[in-house]
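Coordinate analysis (summary)
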Amino acid sequence: MNFNIAQWPLRRIAIGGAIAVLVAIVAIGASLPLAVSSGLVRDRLERDISAWVGHTVSLGDAPSLEFWPTPTIKLDNVEIRPSTFAGGDPILRAESIVANFNLFSAVLGAPSFSEYRLIRPTFNVELYPGATSNWSSPSGELAKGITAEVARYQAQQAGESAPVDAVIPASAALGTITIVDGNLKWIRDPGAEATKLTAINGSLSWTAPTAIARADITAIFRGEQVKLSGSTSKPLLLLGKRMAPVELKLTSAPLNFDFKGTTTLGGDLFVAGALDLSSASVRRTLEWSGTAIRPGEALGALELSAQLSTEQKKAKLDDLIIEIDKNRGIGVLDVELRDDAPPLIVGTLAFNSLDIGSFLQAFTPLPQAGEDIASTIDTRFLREIGLDLRLSAQSANFGPVAMSNLAAAARVDQGRAYFDVGDATAFGGSVIGRIALSEKGVDGGAKVQLSTRDTDFGRLFDAIGLIGPLPRGIGSLDIEVTSPYPTWATALTDLTGRINLAVGKGVVPGLNIQKFRELAETERFFDLDQLGAGTGFDFETAHLEAMIADGEADLKIVELIGPKQMISLSGVIPYSRSSLAIAGVLGPRPPAEDAAAAPVDAGIDILRFFVGGSWPQPVISPVKP
């Protein structure tokens, strides 16, 4: 090892110099805080905030400085008062503010700030016509930046060069603000109660005028925890009431939505972009949002995704995919907020499958349970929303009734609600019908109309669980009934109307006419079980016409005409008690219309009988001459 002893003094000098420099740096660093004036930092902070926001700022007179790990200043009793209303209430009041500052710039007498923390602030926002508020200010670095950015945007749209004086100040962006336990109160209409956000925690980050502005906060709104995240790459344009790209996401128990697109904060709100929205309970969401509309109590989950566009008071949902209580459809919806009428929803929806019952309940509020159900109906929703939907479904069901190729419409207008089935296929035949609900007319209740043609009534009776000696075959049915109460609150005793059933060639299962006559000769009473299993009365036509009122069906016409014999019935069925009170005649069939003079078969005796008991097990009592 070669060691030049002559180099040793030089090395000692270098090492010593380095140590001296290090000591000097440490000494200077340790003495810097002593050179910082807390009053200077306080005044500069107050001036910077005021210069940025364009309003009068007041900070407490007892600043607290800390230098480790980051130089910060803390001031209590923070207030910002609107410059346009000097005597007005503060637009911001905070318990304290903590700001990070650059130590070296503070020593030089010009402290600069980058991050702020507001402790328990309260933001007061009053919204005025023309998309202005008590926060609006014609002066300040932010206002200058907005004006310059809008001027540049307008020049660009016109294909011109940006104005020379359209310079965006570097201080137009405030930096990063952290909110700790804040509150927000805003009032849209003078004299109205303020809407509040409480327990606000999170951050707002906007580090440069051309940088992306981001917000991530949590808060409590009307008792529900919400998380709101948003960003825009053109914050100055957005604040300048021009179109700007925006991403917004809300997460809460009642409602979740995610929007990516463009919007403006101007008086005529315009939005265009992709929207995803979901709610576990629309009823709960509307109540939580404070909307006056009262939806169906049974309306549960809603999910939708669409391309949203709005213009003034209209919104359009294109490429819509919507799921209402497991009814999934696609289509288009238009929503209009009208000045002199309730909000209007118009559109076309196509479903693979549709549960008509749950869909209807989405738009009608269910009453309270209990004996007073009829008196608890709230039909105000008929005046709170307008609806005009065209619906189609490959398959649909209304309770146990299954249909296919459904074409229908749902409407709510001027105190009336309708659900019209324009066409559908069910049990081999066609179906049309209407369910109507009204505050006025129909005694302020409901009306149900149903017509079927070429329907297999055997399959229909099986589907709805209707058993007993009923005519099974292909035929038609017309029903028209009304109630003084909405459909969901209607009991059988409330119905008034008529039923007309006509069936072609078919059979009444379990009705053995030969055995029926034999038992009538020997028994005072008998039931259908005694007629034997696997037998039935084959008929060529069956016709039933009945009037319904006060819980009873008045049988006007009941005729079962077989090849040789016929059965006719008349009487009253108090169906509310499932009891029967019917007089019947079994005799020869009448002569055909084209052979009116043909003699009646003299070999067939006329048998009169009474039908009592209860459905579906009637008791027959022959009437002896």
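One can find the structure itself at the top, above this paragraph.
Residues numbered from 1 in each chain as written. Predicted model: local features only at pLDDT ≥ 70, side-chain atom pairs only at ≥ 80, totals over all residues. Heavy atoms only, no water.

**A word on helix α9 (residues 457-464)**
- Buried residues of α9: Phe-457, Gly-458, Leu-460 and Phe-461, and no others. Projection of α9 onto a plane perpendicular to its axis shows the buried side chains occupying an angular sector of 165°, all on one side.
- Considering only its buried residues, α9 is in contact with β19 (401-413), β22 (446-456), β23 (472-483) and β24 (496-509).
- Capping the start of α9 is the job of one residue whose side-chain oxygen sits 3.1 Å from the backbone nitrogen of Gly-458: Asp-456.
- Looking one or two places after α9, you find Gly-465, whose phi comes out positive at around 75°. (Buried < 20%, exposed > 50% of the residue type's maximum accessible area, 1.4 Å probe, protein only. Helix = DSSP H or I, 4+ residues; strand = E, 2+ residues; numbered from the N terminus. Arc of directions from axis to C-beta. Contact = heavy atoms within 4.5 Å. Polar contact = N/O pair within 3.5 Å; in protein donor to acceptor, adjacent residues only side chain to side chain.)

**Points about the pattern of salt bridges**
- Taken as a whole and assessed by the stated rule, the structure comprises 16 salt bridges.
- Notably, a salt bridge pairs Lys-313 with Asp-339, separated by 2.2 Å at the nearest N-O pair. Of this pair, Lys-313 sits in the loop between β14 (302-311) and β15 (314-324) while Asp-339 sits in the loop between β16 (327-336) and β17 (344-355), and the two are 26 residues apart along the sequence.
- With relative accessibility at 44%, the residue Lys-313 sits in the partly exposed group.
- Across the pair Arg-472 and Asp-462 runs a salt bridge, and its minimum N-O distance is 2.9 Å. Of this pair, Arg-472 sits in strand β23 while Asp-462 sits in helix α9; the two residues are 10 residues apart in sequence, bridging distant segments of the chain. (Salt bridge = Lys/Arg side-chain N within 4 Å of Asp/Glu carboxyl O.)

**Topic: helix α10 (residues 513-522)**
- Of the residues making up α10, those classed as buried are Ile-513, Phe-516, Arg-517, Leu-519 and Ala-520. Taken around the axis of α10, the buried residues stretch over an arc of 165°, which confines them to a single face. Turned more than 90 degrees off the buried face of α10, the exposed positions are Gln-514, Glu-521 and Thr-522.
- On its buried face, α10 is in contact with β25 (526-527), β26 (536-539), β29 (565-573), β30 (581-588), β31 (607-614) and β32 (617-623).
- Where α10 starts, the residue carrying a side-chain oxygen 3.1 Å from the main-chain nitrogen of Gln-514 turns out to be Asn-512.

**Considering the packing of aromatic side chains**
- With the rule as written, the count across this model stands at 6 aromatic pairs.
- With a centroid separation of 5.3 Å and an interplanar angle of 80°, the aromatic rings of Phe-516 and Phe-526 are classed as edge-to-face. Of this pair, Phe-516 sits in helix α10 while Phe-526 sits in strand β25, and the two are 10 residues apart along the sequence. No difference in accessibility class separates Phe-516 from Phe-526, as the two residues are buried.
- Clustering of aromatic rings is evident, with ring pairs tying together Trp-186, Phe-221 and Trp-288. (Phe/Tyr/Trp six-rings, centres within 6.5 Å; stacked < 30°, edge-to-face > 60°.)

**Points about unusual backbone geometry**
- Positive phi, normally seen in glycine, also occurs at Arg-120, with a value near 50°.
- Its place among the elements puts Arg-120 in strand β5 (residues 113-128).
- One non-glycine residue, Arg-222, lies in the positive phi region at around 50°.
- Inspection of the secondary structure assignment puts Arg-222 in the loop between β9 (213-221) and β10 (224-232).

**So, the pairing of β17**
- As paired strands, β16 and β17 are joined by 8 bridges and run antiparallel to one another. Bridged to Val-335 within β17 is Ile-345.
- Examined bridge by bridge, β17 and strand β18 (residues 386-398) share 11 bridges and lie parallel to one another. Residue pairing for β18: Ala-350 is matched across the bridge by Ser-392. (Pairing = 2+ DSSP bridges.)

**Quick notes on the environment of Phe-610**
- Considering the arrangement of structural elements, one finds Phe-610 in strand β31.
- With a relative accessible area of 39%, Phe-610 lands in the partly exposed category.
- Those residues in contact with Phe-610 that sit more than four places away from it in its chain are Ala-581, Ile-582, Val-619, Ile-620, Ser-621 and Val-623.

**Focus on a nonpolar patch on the surface**
- A contiguous nonpolar surface patch, about 240 Å² in accessible area, is contributed by Ile-464, Leu-466 and Trp-615.
- Relative to the elements of secondary structure, Leu-466 occurs in the loop between α9 and β23. (Patch = residues over 30% accessible without salt bridge, like charges linked within 9 Å, V, L, I, M, F, W, Y side chains within 5 Å. Areas by Shrake-Rupley, 256 points an atom, 1.4 Å probe, with all protein chains shown as cover.)

**Thoughts on the side chain of His-55**
- Among the secondary structure elements, His-55 is positioned in the loop between α2 (38-53) and β1 (56-58).
- Assessed through its relative accessible area of 2%, His-55 is described here as buried.
- Look past the residues within four positions of His-55 in its chain and what remains in contact with it is Ser-50, Ile-80, Arg-81, Pro-82, Ser-83, Ile-91, Asn-134, Trp-135, Ser-136 and Ser-137.

**Observations regarding the pairing of β5**
- Across 9 bridges, strand β4 (residues 92-101) lies against β5 in antiparallel orientation. Residue pairing in the sheet places Arg-93 in a bridge with Thr-122 of β5.
- Bridging between β5 and strand β7 (residues 175-187) involves 10 bridges; their strand directions are parallel. Looking across to β7, one finds that Val-125 is bridged to Trp-186.
- Here β5 pairs with strand β6 (residues 132-133) via 2 bridges, running antiparallel. Within β6, the residue paired with Leu-127 across the bridge is Ser-133.
- Connecting the antiparallel pair β5 and β6 is a turn made up of 3 residues, with Gly-130 showing a positive phi of about 85°.

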